[in-house]
Amino acid sequence: MSENTCTNRNVTVVKETKSQLSRKHFLGAIASVAATVGLSGIAESASAATKKYKVCSTKDVKVKSANIFQVAAAGGLLVLITQPKAGVFRAFNPSCTHAGATLGGINGTNLVCNVHGATFNTSTGAPTGGPARSALGKYTLSQTGTTLYISI
Ligand code: FES
């Protein structure tokens with residue numbers, strides 16, 4: 001297991017109110033997940049290669065919100081964490097599956113790509129609108145106390 005302090009980029013919290021939707025662009029570079037899985041089919045090898053990385057505290061992502069974190073220990077990997085319901089957290093690759101832009105906001109239960117308007121469900125990552133046809137990449141998320149980890 002590998003742990004390291006993560007950097008909250010403090011750029012992703014976008015709030016929706018009843019009368020006004022506020023969208024902010026996520027700052028930072030597009031992160032793509034380059035998960036390479038060997039074709040050997042040996043489960044032990046895959047399991048041995050999995051590492052666990054600290055992403056953030058549960059307090060860093062408010063209910064019905066999202067935030068992107070840069071995980072230094074994972075080579076600067078960007079991880080989008082959502083909390084679609086109180087106490088329920090999800091971890092996604094923040095790169096839009098349409099053309100790779102970093103997602104830029106949240107509208108109700110949808111993450112939004114501001115480039116061409118694709119939307120993705122905050123709980124499942126499934127595309128819900130716009131040109132994207134594939135779901136966001138997911139990370140295996142675990143929680144110990146108030147700390148969230150991904151395993152990759
Ligand atoms: S890059 Fe996101 S909708 Fe086109």
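All figures in this text were calculated on a predicted structure; none of them were measured in a lab.

K.L.:
Please clarify how the pairing of strand β4 (residues 77–85) should be interpreted in this entry.
P.N.:
Consecutive side chains along a regular strand alternate between the two faces of the sheet. Among the 9 residues in β4, 8 count as buried, and that is most of the element. Taken together, the 6 bridges between strand β3 (residues 66–71) and β4 define a ladder with antiparallel strand orientation. From the neighbouring strand, Phe-69 faces β4, where its bridge partner is Val-79. Hairpin remark: β3 followed by β4, antiparallel, with 5 residues in the connecting loop; positive phi at Gly-75, about 75 degrees.

K.L.:
For this particular structure, what's the right way to read the environment of Leu-111?
P.N.:
Here Leu-111 lies in strand β7 (residues 110–112). Taking relative accessible area as the criterion, Leu-111 reaches 0% and is therefore assigned buried. Along the backbone, Leu-111 and Thr-82 are 29 residues apart, and their C-alpha atoms lie at a distance of 9.2 Å.

K.L.:
Honestly, the side chain of Thr-82 in this entry has me stumped. Any pointers?
P.N.:
Topologically, Thr-82 is positioned in strand β4. Setting aside its immediate chain neighbours within four residues, Thr-82 contacts Val-61, Ser-65, Ala-66, Val-88, Phe-89, Arg-90, Phe-92, Leu-111 and Thr-122.

K.L.:
Just to check I follow, could you spell out the sheet that holds strand β9 (residues 127–129) for this structure?
P.N.:
Within a sheet, neighbouring strands are paired by backbone hydrogen bonds and run either parallel or antiparallel to one another. The strand order β6-β7-β8-β9 describes an open sheet built from 4 strands, whose pairing is antiparallel. The open sheet has two edge strands, β6 (105–107) and β9, and neither has a second partner. Across this sheet, the average inter-strand angle for adjacent strands is 40 degrees, counted without regard to direction.

K.L.:
I tried to follow the sheet that holds strand β11 (residues 147–151) on my own but got confused; where do I start?
P.N.:
An order of β2-β11-β10 is seen for the 3 strands of this open sheet, with the pairing classed as antiparallel. The open sheet has two free edges, formed respectively by β2 (52–57) and β10 (140–144), since each of these has just one partner strand. Here the strands of the sheet are splayed against their neighbours by 30 degrees on average, with no regard to which way each runs. As judged from the 5 bridges shared by β10 and β11, these two strands associate in the antiparallel manner.

Parameters and conventions
- Along each chain, residue indices are assigned from 1 in the same order as the chain's sequence is written.
- pLDDT decides what is reported in this predicted model: residues at 70 or higher carry local features, side-chain atom pairs at 80 or more are listed and counted, and totals for whole chains, interfaces and linings draw on all residues regardless.
- With hydrogens and water stripped out, all remaining heavy atoms of the structure feed into the side-chain values.
- Think of it in three bands: residues with accessible area under 20% of the maximum for their type are buried, residues over 50% are exposed, and the middle band is partly exposed, with areas taken using a 1.4 Å probe on protein chains only.
- By the criteria applied, helices consist of DSSP H or I runs no shorter than four residues and strands consist of E runs no shorter than two, each listed in order from the N terminus.
- In this description, strands pair whenever DSSP reports at least two bridges between them.
- Two residues qualify as a contact provided that any one of their heavy atoms is within 4.5 Å of a heavy atom in the partner residue.
- Lines fitted to C-alpha atoms define the axes, with helix axes restricted to the stretch in contact, and inter-axis angles between N-to-C directions lie between 0 and 180 degrees.

From the geometry alone we can't say anything about function, so treat these as descriptive.
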